[in-house]
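Each chain, written out:
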2 protein chains.
Amino acid sequence: MAIVGYSRSAGMGVSAIVGLGNKSDIDEDDLLAFFEQDDNTQVIAQHFEDLKDGRGFAEAAQRVSKTKPVIALKAGRTAAGARAASSHTGALAGDDKVYDDVLRAAGVIRAYSLRDMLDYARAMPVLPTPKGENVIIITGAGGSGVLLSDACVEAGLELMNMPGDLDAAFREFIPPFGAAGNPVDITGGEPPSTYRATIRLALEDERVDSLILGYWHTIITPPMVFAELVAEVVAEMKAKGIDKPVVASLAGDVEVEEAAEYLYQRGVPSFAYSTEIPVQVLGAKYRWARAAGLL
Amino acid sequence: MAIVGYSRSAGMGVSAIVGLGNKSDIDEDDLLAFFEQDDNTQVIAQHFEDLKDGRGFAEAAQRVSKTKPVIALKAGRTAAGARAASSHTGALAGDDKVYDDVLRAAGVIRAYSLRDMLDYARAMPVLPTPKGENVIIITGAGGSGVLLSDACVEAGLELMNMPGDLDAAFREFIPPFGAAGNPVDITGGEPPSTYRATIRLALEDERVDSLILGYWHTIITPPMVFAELVAEVVAEMKAKGIDKPVVASLAGDVEVEEAAEYLYQRGVPSFAYSTEIPVQVLGAKYRWARAAGLL
């Protein structure tokens, strides 16, 4: 039921919703095999309390996840949750450490909360597959840059060690009191042209694989101006064959909510009032790409 | 800047926003002492990269947090974040384990993400202080009950060991295939009267200290019908002097967003498409109440 409202609210497509009941016939691996073949399905997200056939699931998931991301929310991962699962479906929730190992080995992206599962399912097909581990943060607020850096570590992302020549190139565009290195802190008083130039520089440099943007509301670069320029630069790059994952964190007045949706619908997963969620969804894409052998 | 948009969007009051700059004169403990005295302030939330005077802060926070919740988002808690903080403000971010210990000892509720800080700040003054550790979950969906149970363990909440007489009393209202125990699973086909009777039973029982609701969208009890009945029962109890923390998780079609806001504005922090956030904010209230010696 949460998928219904979330997907309508987000404008996310849903190819099918299947409730497995007590799995007396069809079970998880059957569905993986079915949706593997379904051209209308790009991502498979599932919630379960136990797996009927763990080995069958692991084998199917390992194969399917090479081409389509498989996301899993395993409920009953604590003792209290497992007791509740046993009353609910009779599920033997099992040792969570075992599930964790099985899911990881099978290339499944584990979500630890309902909202994470939904956010990953939405972002996964929007983000292009990264070609390498080098992530750069460009931010209009130093404080956001610090929180975004923390979030990168949490999400298992590598902040690129900034090469000297690229650092010098960024410094051409930012005030002397801005911080180069990574995060690139363009500082809070900059016009749209600074965002535009630095984002273009990052996307055009072959050593940069992914980009995280920290936007900070100012009068000189209002939220929708930021959103439009980012969408323009991303489209301009795509026309040149450059298609890298870009996510954005937006801090500001309520207009940032509209700006975030505008960007999301143009291929840039963006979130208002959060420095963590955009980084987490990028991290989920990386987890998938690594497990699928694409990185 | 994130506070501006989040608070306007949520209808959350903000008594003041103070940026400390480089703390050459006024620092964190001065502000704690100021807002301790300010009758217009119910909660103090802060984001910092380091503390100028750790001992002074710990002393002030320990005193202030006895009466007003103090929430802290410490940025630069990873090595990459600390490096970014050093470029940004020159902060020596320090050993995060030390911050964790200092903040906990001082009764400060630590938030690990920007969104958590905002969600805690909004929920804290809305939720009454619990009088004990006994938490009950009432849910219209067994699956939500399992996820809510997991979230309780994560948030350090105690699921009440259901007394036999109370269990029997709940069973009077729910179908035989529903699960009593805790979570109380009233099952998905129940009319508003079942929600009403079970919520009233939980709130009236002196052994129950807090209530977590899991709503699941059905035609027989639509989202706004659920929201209105919960608000009514909570108001009816308040009139009788019963004021316990109640939070809700709503899964369903887009109407649950409106229902969640309706409930939040009537004293029940509620969240659409999440089983974790309502439990986390209740957990934050408990952390504060324990540290303040109120439990």
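Residues numbered from 1 in each chain as written. Chains lettered and ligands numbered in written order. Predicted model: local features only at pLDDT ≥ 70, side-chain atom pairs only at ≥ 80, totals over all residues. Heavy atoms only, no water.

1. Quick word on the pattern of salt bridges
The tally for this structure, following the rule as stated, stands at 34 salt bridges over all chains. Where A:Arg8 meets B:Asp253, a salt bridge forms, and the shortest distance between an N and an O atom there is 2.7 Å. Taken together, the positions of A:Arg8 in helix H1 (residues 2–10) and B:Asp253 in the loop between strand S8 (246–251) and helix H11 (255–264) put the pair across two chains. A:Arg110 is the partner of A:Asp100 in a salt bridge, and the nearest nitrogen-oxygen pair spans 2.8 Å. With A:Asp100 in helix H5 (residues 96–105) and A:Arg110 in strand S3 (residues 109–111), this pair connects stretches of sequence that are ten residues apart. Comparing A:Asp100 with A:Arg110 shows no difference in burial state: the two are buried. A single network of salt bridges, built from pairs that share partners, joins A:Asp96, A:Asp100, A:Arg104 and A:Arg110. (Salt bridge = Lys/Arg side-chain N within 4 Å of Asp/Glu carboxyl O. Helix = DSSP H or I, 4+ residues; strand = E, 2+ residues; numbered from the N terminus. Buried < 20%, exposed > 50% of the residue type's maximum accessible area, 1.4 Å probe, protein only.)

2. Description of the pairing of strand S1 (residues 44–48) of chain B
Residues and elements named next belong to chain B. Side chains Ile44, Gln46 and Phe48 project from S1 onto a buried face, and the interleaved Ala45 and His47 project onto a face without burial. With five bridges joining them, S1 and strand S2 (residues 70–74) adopt parallel strand pairing. Across the sheet, the residue bridging to glutamine 46 is alanine 72, located in S2. After leaving S1, the chain enters helix H3 (residues 54–64) and then returns to the sheet as S2, a path that is right-handed. (Pairing = 2+ DSSP bridges. Right-handed = clockwise from strand over helix to strand, strands pointing away.)

3. Side note on the side chain of A:Asp150
Position of A:Asp150 relative to the elements: it lies in helix H7 (residues 142–154). It turns out A:Asp150 is buried and unbridged, and the closest side chain with the opposite charge, B:Arg77, is 4.4 Å from it. Looking at A:Asp150, its side chain comes within polar contact range of the main-chain nitrogen of B:Arg77, at 3.1 Å. Within the structure, A:Asp150 has its side chain in polar contact with the side chain of B:Thr78 (distance 2.7 Å). Excluding its chain neighbours within four sequence positions, the residues that come into contact with A:Asp150 are B:Lys74, B:Ala75, B:Gly76, B:Arg77, B:Thr78 and B:Gly81. (Lys, Arg positive; Asp, Glu negative; His and termini not counted. Polar contact = N/O pair within 3.5 Å; in protein donor to acceptor, adjacent residues only side chain to side chain. Contact = heavy atoms within 4.5 Å.)

4. Topic: the sheet that holds S1(B)
All names here are of chain B. Strand order in the open sheet formed by three strands is S1-S2-S3, and the pairing between neighbours is parallel. One side of each edge strand has no neighbouring strand; the edge strands of this open sheet are S1 and strand S3 (109–111). The average angle at which neighbouring strand axes cross in this sheet is 25 degrees, direction not considered. Strand direction decides the pairing type here: S2 and S3, joined by three bridges, are parallel. Bridging across to S3, isoleucine 71 finds its partner in isoleucine 109. The strands that helix H2 (residues 28–37) touches are S1 and S2; relative to S1, the one it contacts most, it runs at about 170 degrees. (Axes fitted to C-alpha atoms, helices over the stretch in contact; angles between N-to-C directions.)

5. Topic: the packing of helix H6 (residues 114–123) of chain B against helix H12 (residues 277–291) of chain B
Residues and elements named next belong to chain B. One can describe the packing of H6 onto H12 by two numbers: an axis separation of 9 Å at closest approach and a directional angle of 65 degrees. For the element pair H6 / H12, the angle class is roughly perpendicular. Both H6 and H12 take part in a crossing whose hand is right-handed. Facing H6, whose interface residues are Asp116, Asp119, Tyr120 and Ala123, H12 presents Ile277, Gln280, Val281, Ala284 and Arg287. Across the contact of H6 with H12, the residue classes break down as five nonpolar, one polar and three charged. (Parallel < 35°, antiparallel > 145°, perpendicular 65-115°, else oblique. Left-handed = near helix turned anticlockwise from the far one by under 90°. Nonpolar A, V, L, I, M, F, W, Y, C, P; charged D, E, K, R; others polar.)

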